[in-house]
Amino acid sequence: MQYRYVTKDNIKVSQLGFGCMRLPVLNNDSGQIDEEKATEMLHYAIENGVNYIDTAYPYHQEMSEPFVGKALKNGLREKVYLATKLPVWRVTTYDDFEKYLDEQLEKLQTEYIDFYLLHSLHEKPWRNIIDLNVFKFIEEAKRKGKIKYIGFSFHDELPLFKEIIDSYNWDFCQIQLNYMDRNYQAGLEGLAYAKQKNISVIIMEPIKGGKLANASDDILNVWDKNDIKRTPAEWALRWLYNLNDISIVLSGMSTLEHVKENLKTANEGLPNSLTEKELNLIDEVTKIYNDKFKVGCTACEYCLPCPSNVSIPDIFALYNNIYVYGTKEQSLNSYKKYKELEKDASKCIECGACEGSCPQHLSIIELLKEADKALI
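A quick note: this is a predicted structure, and the numbers were derived from the prediction, not measured. (Residues numbered from 1 in each chain as written. Predicted model: local features only at pLDDT ≥ 70, side-chain atom pairs only at ≥ 80, totals over all residues. Heavy atoms only, no water.)

J.: Explain unusual backbone geometry to me, and be specific about the residues and the numbers.
T.: Of note, the amide linkage connecting Leu304 to Pro305 takes the cis form, showing an omega dihedral of 0°. Within the element layout of this structure, Pro305 appears in the loop between helix H12 (276-291) and helix H13 (312-325). A positive phi angle, near 60°, is found at Asn74, a position not held by glycine. Among the secondary structure elements, Asn74 is positioned in the loop between helix H3 (64-71) and strand E7 (81-86). Phi is positive for Gln109, which is not a glycine, with a value near 55°. With a relative accessible area of 45%, Gln109 lands in the partly exposed category. (Helix = DSSP H or I, 4+ residues; strand = E, 2+ residues; numbered from the N terminus. Buried < 20%, exposed > 50% of the residue type's maximum accessible area, 1.4 Å probe, protein only.)

The following block contains the structure:
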């Protein structure tokens, strides 16, 4: 296992972190973790050098934290750094901060959290927790020994990321990054900004929720040009390990085979280890994916709120995913939920408000009709 360093204390951590969001389940029910298989996976990872375990309050219908607490008994808790996340969207009063933290400590069967994150920060919850004096809570929790290091995970645009970075003396942050998301949300510019401020960066969605692992033949043909053969998932992880400025790459693994493959990649992935040819191949694959997009939506959300409550960026994402990543069944199933919520494209009244606000000057009304046909 290759190790890197996180926080200003230079804590030595495995560059592969075990994400507990996509554990194996029973009966296709995300709330029923297959504890036998999941425990085997987690223990195998720890035995082979992984020392950063990441979970969160809502994962697996709130069953991930209790599972992790149970799996880390009998001395394993002391061998790892444990990370979990405060569900900021549930916080309505100052007392809620500590209420949820205490609940998480109990679920995880531990007296302290090594790495505590404000979960999924975007504009609305960020303004709310600032108003509720979240920084006072953080200082009190640290003073009481309930948390050691504080950070946040981020899901919004770059300007807000920089604002949050500048607002507090954070120990670390967590952003979505992969070779397809170089300019998405915080992106590579956000990574550089955080490191400039001496804030460690942890990466989530390195394989874009598994989409980059399921490559079509045209993508596989590009990978085959390389002398060293790698799986699509390995290419995605190696692109990140090649970067100097990251501390940990989180992977949500669902099988023991995923664990073994990711361990092998983490053993070999070093900063600046990819050749110019290999980096060019990754750029070639990125272009192939980008050329498949049906809608050039950047999910900036300037089109929202829609007067008819249509979830415009989400619908375009589902539409694009069919052609870019081959996720037809997944996209269609997701679209059914939007129809149930009456947020689907058929609810568009063609008022044109969205088109007047779109920085990309998209013909949103017509594109929604196309998406609706493809997603039914």
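That was the structure; now back to the text.
J.: Quick one: what's the story with the packing of aromatic side chains, residue by residue and with numbers?
T.: A ring pair, where both rings are aromatic, is described by two values, the distance of the centres and the angle of the planes. All told, the structure shown has 18 aromatic pairs when counted by the stated rule. Both rings, one in Tyr81 and one in Phe115, keep their centres 6.1 Å apart while their planes meet at 85°; by these two values the pair is edge-to-face. Taken together, the residues Tyr81 in strand E7 and Phe115 in strand E8 (residues 113-121) connect sequence positions 34 residues apart. On the numbers, 4.5 Å between centres and 10° between planes, the contact of Trp223 with Trp235 is stacked. Of the two residues, Trp223 is situated in helix H9 (residues 217-223) and Trp235 in helix H10 (residues 232-241); the sequence distance between them amounts to twelve residues. By the burial criterion, Trp223 is buried, and Trp235 matches it. Ring pairing ties together the aromatic residues Trp126, Phe135, Phe152, Phe154, Phe161, Tyr168 and Trp170, which thus form one cluster. (Phe/Tyr/Trp six-rings, centres within 6.5 Å; stacked < 30°, edge-to-face > 60°.)

J.: Give me the packing of helix H1 (residues 35-47) against H3: which residues, what numbers.
T.: At a minimum axis separation of 10 Å, H1 and H3 run at an interaxial angle of 60°. Judged by the inter-axis angle, H1 sits oblique to H3. For the pair H1 and H3, the sense of crossing is right-handed. Across the interface between the two elements, Glu35, Ala38, Thr39, Leu42 and His43 of H1 pack against Phe67, Lys70 and Ala71 of H3. A per-class count over the contact of H1 with H3 returns four nonpolar, two polar and two charged. (Axes fitted to C-alpha atoms, helices over the stretch in contact; angles between N-to-C directions. Parallel < 35°, antiparallel > 145°, perpendicular 65-115°, else oblique. Left-handed = near helix turned anticlockwise from the far one by under 90°. Contact = heavy atoms within 4.5 Å. Nonpolar A, V, L, I, M, F, W, Y, C, P; charged D, E, K, R; others polar.)

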